[in-house]
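Structural overview
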Amino acid sequence: MSTPEAPVSAVKVRFAPSPTGFLHIGGARTALFNWMYARAQGGKFVLRVEDTDLERSRPEFEKEIMDSMAWLGLTWDELYKQSDRFGLYRDHAEKLVAGGKAFRDGTAVILKVDKARDIKFDDLIRGLIVFNTDEIKDQVLMKSDGSPAYSFSCVVDDALMGITHVIRGEDHISNTPKQILMYEAMGFKVPKFGHLPLIMGTDGARLSKRFGAVAVSDYRKEGFIPEGLVNYLMLLGWSPGGDQEIIAMKNAVAKFSIKKINKTAAQFNMEKLKWVNAQYIKALTAKQLAVLAVPVLKEEGLLADGFDPAWLERVLELYKSRMSTLRELVERAGFLFTDDFKVSDEVRAAQLTRVMPKEFALLADHLEKAEPFDVVTTEKIFRGVVAGLGIPMGEMVHPVRVALTGDHVGPGLFDTMSVLGKARTLARLRAAFV
Ligand code: GLU
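Residues numbered from 1 in each chain as written. Predicted model: local features only at pLDDT ≥ 70, side-chain atom pairs only at ≥ 80, totals over all residues. Heavy atoms only, no water.

**Points about the overall build of the protein**
In terms of regular secondary structure, the protein is built from 18 helices and 12 strands. Taking 434 residues into account, the globule formula puts the C-alpha radius of gyration at 22 Å, and the protein, at 30 Å, lies well above it. Summarising its shape, the C-alpha atoms of the protein cover approximately 100 × 55 × 40 Å along the three principal directions. Relative to its full complement of 434 residues, the protein shows a buried share of 50%. Across the protein, every contact between residues at least 6 apart in sequence was considered, and the portion connecting residues at least 24 apart equals 74%. (Helix = DSSP H or I, 4+ residues; strand = E, 2+ residues; numbered from the N terminus. Rg over C-alpha atoms; globule rule 2.2 N^0.38 Å. Buried < 20%, exposed > 50% of the residue type's maximum accessible area, 1.4 Å probe, protein only. Contact = heavy atoms within 4.5 Å.)

**Some thoughts on the site of the ligand**
If you check the shell around the ligand, you find Arg14, Ala16, Pro17, Ser18, Glu50, Tyr150, Cys154, Arg168 and His172 and nothing else. A distance of 2.8 Å is found between a nitrogen atom of the ligand and a backbone nitrogen or oxygen belonging to Ala16. A distance of 2.8 Å separates an oxygen atom of the ligand from a polar side-chain atom of Arg168. Alone, the ligand offers 300 Å² of accessible surface; in the complex the protein occludes 81% of this. Looking at the shell around the ligand residue by residue, the class counts come to 4 nonpolar, 2 polar and 3 charged. (Near = heavy atom within 4 Å. Polar contact = N/O pair within 3.5 Å; in protein donor to acceptor, adjacent residues only side chain to side chain. Areas by Shrake-Rupley, 256 points an atom, 1.4 Å probe, with all protein chains shown as cover. Nonpolar A, V, L, I, M, F, W, Y, C, P; charged D, E, K, R; others polar.)

**Here we look at the side chain of Asn34**
Position of Asn34 among the secondary structure elements: in helix H1 (residues 25-41). The exposure class assigned to Asn34 is buried, which follows from its relative accessible area of 0%. Engagement of the side chain of Asn34 in a polar contact is seen with the backbone oxygen of Ile167, the distance being 2.9 Å. If we ignore the near neighbours within four places in the chain, the residues touching Asn34 are Val13, Arg14, Phe45 and Ile167.

**A closer look at the sheet that holds strand S4 (residues 102-105)**
Here we have 3 strands laid out as an open sheet, ordered S4-S5-S8, and antiparallel in their pairing. Two strands close off the open sheet at either side, each with one partner strand: S4 and strand S8 (139-142). Pairs of neighbouring strands in the sheet enclose a mean axial angle of 40°, with direction left out of account. Strand direction decides the pairing type here: S4 and strand S5 (residues 108-111), joined by 4 bridges, are antiparallel. (Pairing = 2+ DSSP bridges. Axes fitted to C-alpha atoms, helices over the stretch in contact; angles between N-to-C directions.)

**Brief notes about the pattern of salt bridges**
In total, this model carries 26 salt bridges according to the counting rule given. Close ionic contact of Glu328 with Lys274 constitutes a salt bridge, the shortest N to O distance being 4.0 Å. Here the residue Glu328 occupies a position in helix H12 (residues 326-333), and Lys274 occupies one in helix H9 (residues 270-283), the gap between them amounting to 54 residues. Judged by relative accessible area, which is 10%, Glu328 ranks as buried. A salt bridge links Glu313 to Lys287; the nearest nitrogen and oxygen atoms lie 3.6 Å apart. (Salt bridge = Lys/Arg side-chain N within 4 Å of Asp/Glu carboxyl O.)

**What to know about the packing of helix H4 (residues 150-160) against helix H5 (residues 175-186)**
Orientation of H4 relative to H5, taken along the N-to-C sense of each, is 55°, at an axis distance of 10 Å. One way to sum up the angle between H4 and H5 is to call them oblique. Crossing angle aside, the handedness with which H4 passes H5 is right-handed. Across from Tyr150, Ser151, Phe152, Cys154, Val155, Val156, Asp158 and Ala159 in H4, the residues of H5 making contact are Asn175, Gln179, Met182, Tyr183 and Met186. (Parallel < 35°, antiparallel > 145°, perpendicular 65-115°, else oblique. Left-handed = near helix turned anticlockwise from the far one by under 90°.)

Function cannot be inferred from these measures alone, as they are strictly geometric.
Put into structure tokens, the structure is as follows:
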């Protein structure tokens, strides 16, 4: 008979969102660090929906949280909903009353807290933390409406689910001693706690709507890609070491350690997030990027079924190092997909001041002969026309770019022309001064 193997790892962590709002940056980072720790330790990651507040919990928030986690790749091994477990909380509260540790106040159940005791815990991130029970009131376990208090259902579940490490936001530090008292009262083993640093906005204040505190689903709509957002979230309080900032998940998991998480607040920086995302977009092949870009372009009405995938890949090849989000692709390359693009008055004023209808017509007539209509041929013809007119290149390049693209910056003019194609290039040149 073979001896039973020892369990490989007993690590079990959880992310326990309350579905009273969308998944925000802070929650997503908490979920990510728990997930990474579970993966790093070969442990389990539990998703527990803390929907005990029946009035404020909403199915649409629950759905957004789960969809966003799945989109970020934060898959869970077990899923629970606290609203399915009210009976358990009631039973445990009753036991505490029966054992003399808690008392009833009407229909509510309250835990007695003895005074003048130090409650200590060795926080995985912040080190030793001590609270004195003189600062802690008796704790409501069950509210008079029959629903459990957050702290209590959380403890019952963490204990029954075998959670070994509670990794959560710093805003929960003051809950920890109260919860330790509940573990003790019920005779449960106290898990390890780690409190993640706050995330501040770039302005040094708490994250606000203006500074990043929007839902993960909004970042998704904005055209961030999950690998980019996840990599950025990782940097909010943790670093793979050295100057490294871009790191594949597999390598990050291999290096991840709770001990290396910072104690000091992390700063959310939108520019940095965009930069990280841009690195991921740039690293994709045009084909891979097409998979992500097609739905966005279709949603914008810029791409119809039956588009030419080879052409789209040429567009993406040209733009993938020039965009940090898929939204920017729409903004910057929209003119390639529709004739209905806007030229801002500012751009028009700056670049189309010189009225050059003759020059444009001449250029169009020459470009009409370009065969093939590619970078080399269009450039040769363009230079020839400019030389014939005896004007500096720039005087022609800038207004032509504005006429073709609606903007004064972008990829090389001849790359742009060749992707735009002959028919549209000529039509835009001829229509520019009409
Ligand atoms: N439901 C709590 C929250 O959303 C969970 C706190 C915890 O992780 O213990 O903040």
